[in-house]
Amino acid sequence: MSNENIITLQNVTKRFKVGDGEFTALTDINLNFKKGEFSGLIGPSGSGKTTLLNIIGSLDSPTEGNATVMGKNIAALSHKESALLRNHHIGFIFQVYNLLPVYTVFENVEFSLILQNIPTDKRKKMVMEALEWVGLENMANKKPSNLSGGEGQRVAIARAIVKRPNIMLADEPTANLDSKNAHAIIQTMKKLNKELDTTFIFSTHDEKVMGYLDRIVHLEDGKVKKDELITNATQV
Amino acid sequence: MKLALQLGYKNLVGAGLRTWLNAGVLSFCFIIIIFFNGLIDGWNQQARIDSTEWEVANGHLLHENYDTSDPFSIKDGHGELPQQENLTPVLIRQASIYPDGRMVNISLKGIKPAQQTIKLPTQLLSTSDAEIPAIIGKRMANAAKLKKGDQVLLRWRDKNGTFDAANITIVDVFDCNVATIDAGQVWISMDKLWEMTGLNNRATYLIANNKYQHQNIAHWNFKDKEELLQELTNLIETKKVSGAIFYLLLLTIALLAIFDTQVLSIFRRQKEIGTYISLGMTRWEVVKLFTVEGSFYSIFGMLLASIYGTPLLIYIAKKGIAFPSEAADGMGISISDVIHPVFGLSLIVGTIVLVIISATIVSFLPARKIAKMNPVLALKGKVQ
């Protein structure tokens, strides 16, 4: 892990319109994330974890304050610029995997590389490498509907990691998995974090995930309650 | 674009029956549009050929006082024959015949029996022994209840306006599709008409053959073939427009099905849309993706239409469509008993372009809403 901050959040506040009023999801958040961090946002439902991940992932922008990701001010980005940022630097892992149902495992993983116009030969090599990382090289031709929950999430990880992003954002990645699969998934991500020096940020309230985190940011009612470094995190 | 095509194709194939229902309706549209236009084109082609062979030839030289749309101009609308070759003179006089004692007003037309410019069987006017041999068309024969060999009283005026009358003998009833040389007309020899009217060496109009080279002739106006066929072309274009209403209605139904499918698809695939955006697609790229997907319906429809439509249309083009002669008579336009549709390349390409563009537009209309979607809500699958 380097000392370089690749995510800087300064006084980030996010409000949503609800009917005639407003709901404040995040209040005055100040956080930095360094390259290669393996950290988690912990908190109960409605604490603002997903909102914060969405802002970091440039899917949303703060109402107030500055969110800078890879040196880019999220609020100032056009749709095209934020798409480029996501395509090249950010990988997403979702709770329900969000795999494209008509594509095979290979094609799902290949998708972001096609968006980057990477040549076919190179693409094929990168996809197979990503599938090897998650142990699914033999399932390349299967459709998502033929995969188990754990396999589906591993495809989602391969899809996110294949483009070698600087940041991986995982929203409750183990919520739909059994204990064995949850450990396997988190260990895969930890391994990738070490090997590729990718910054991982989780939103979770899964105790199994928490054990592997090097840093835990506790959120409550949209505010940072505690930001702690974990020295005795489980290693793989 | 390659990605949009790939993904559009996969999504549609993956959708199964829904795709093939839409493609089926569109393919039917393809066939109907091509068939209907092919029928009109075939009719147009046949009508132009018949009109050219039986009436128009290479054009008409009309006397300056004669107006084809004004029957009152017939009386004085004639002049001395110009000294010009390759022209067949026709003199028109107003007259009446009395079949079974009924008076029927007719145009009495004189023409040289030896002419070969138009297909009218005028040779019989010189070979018959009858005092005044005449030929009429099948429409005229039906209307006046006359047949070959019948005699009927003819009354006409001579050049001084004096009435005269004599019996004419029908020596032939010709069968042609061009109503304008048939209905209400009696053809006799030009020399006989000159003799009967005293209008020697005069004509109302002259029919030019293929060797005719037009030079300005005083008191005569030349209308070439295209000009004379313009009215026919206009009439057929009108028929085309009225027919278009029918197939546009059909096309609208097919496009409505695509529109509905697209709306449902966007509503149902919110998470997928959110995923595309999170993977790095811009919203407009996703709009393009869904639009291309909708356009694919028209391509599938076209492929389906080519499978069952090609043999069907080839069969129809060869066999032709029977047209009842009663219906044709009432239209005032040349139409044969059997019309052979003509399916030209421009018609087929034009129809393909029309359907693809229409399908693309109706696919784009609902898809453009994606551009305004909130990707966070889309990822959650929330209806926006």
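Residues numbered from 1 in each chain as written. Chains lettered and ligands numbered in written order. Predicted model: local features only at pLDDT ≥ 70, side-chain atom pairs only at ≥ 80, totals over all residues.

## Concerning the environment of Asn30(A)
All names here are of chain A. Turning to its location among the elements, Asn30 is positioned in strand β2 (residues 21–34). A tally of 12 C-beta atoms within 10 Å means that Asn30 is categorised as exposed. In sequence terms Asn30 and Ala182 are 152 residues apart; their C-alpha atoms lie 30 Å from each other. Those residues within four positions of Asn30 in sequence are excluded, and the remaining contacts are Leu9, Gln10 and Asn11. (Helix = DSSP H or I, 4+ residues; strand = E, 2+ residues; numbered from the N terminus. Buried ≥ 20, exposed ≤ 12 C-beta atoms within 10 Å, placed from the backbone. Contact = placed C-beta atoms within 7 Å.)

## Focus: the interface of chain A and chain B
Counting residues at the interface gives 18 residues for chain A, matched by 15 residues for chain B. At the level of elements, α2 (79–89) and α3 (105–115) of chain A are the ones that each hand at least two residues to the side of chain A that touches chain B. Sorting elements by how many residues they give to the side of chain A that touches chain B places α2(A) first, with five residues. Classifying every residue of the side of chain A that touches chain B gives nine nonpolar, six polar and three charged. (Nonpolar A, V, L, I, M, F, W, Y, C, P; charged D, E, K, R; others polar.)

## Some thoughts on the domain arrangement of chain B
Taken domain by domain, chain B holds domain 1 (2–52 + 230–380) and domain 2 (59–211). Domain 1 of chain B and domain 2 of chain B are separated by 51 Å when their C-alpha centres are compared. (Domains from an automatic or database assignment.)

## Some points on the packing of helix α8 (residues 283–319) of chain B against helix α10 (residues 345–367) of chain B
Residue and element names in this part refer to chain B. Remark: α8 packs on α10, axes separated minimally by 8 Å, with the N-to-C direction vectors making an angle of 145°. Two packed elements cross with a definite hand, and for α8 against α10 that hand is right-handed. Taken together, the residues of α10 that come into contact with α8 (itself represented by Val287, Phe290, Thr291, Glu293, Gly294, Ser295, Tyr297, Ser298, Gly301 and Met302) are Ile352, Val355, Ile356, Ala359, Thr360, Val362, Ser363, Phe364 and Ala367. Taken together, the residues of the contact of α8 with α10 sort by class into eleven nonpolar, seven polar and one charged. (Axes fitted to C-alpha atoms, helices over the stretch in contact; angles between N-to-C directions. Left-handed = near helix turned anticlockwise from the far one by under 90°.)

## Structural notes on unusual backbone geometry
Residue and element names in this part refer to chain A. One non-glycine residue, Asn98, adopts positive backbone phi at about 50°. Locating Asn98 in the fold gives a position in the loop between β6 (90–93) and α3. Residue Asn98 is classed as buried on the basis of its 24 C-beta neighbours within 10 Å. Positioned with a positive phi, Asp197 is a non-glycine residue whose angle comes to about 55°. Secondary-structure assignment places Asp197 in the loop between α6 (179–196) and β8 (199–204). The exposure class of Asp197 is partly exposed, given the 14 C-beta atoms found within 10 Å.

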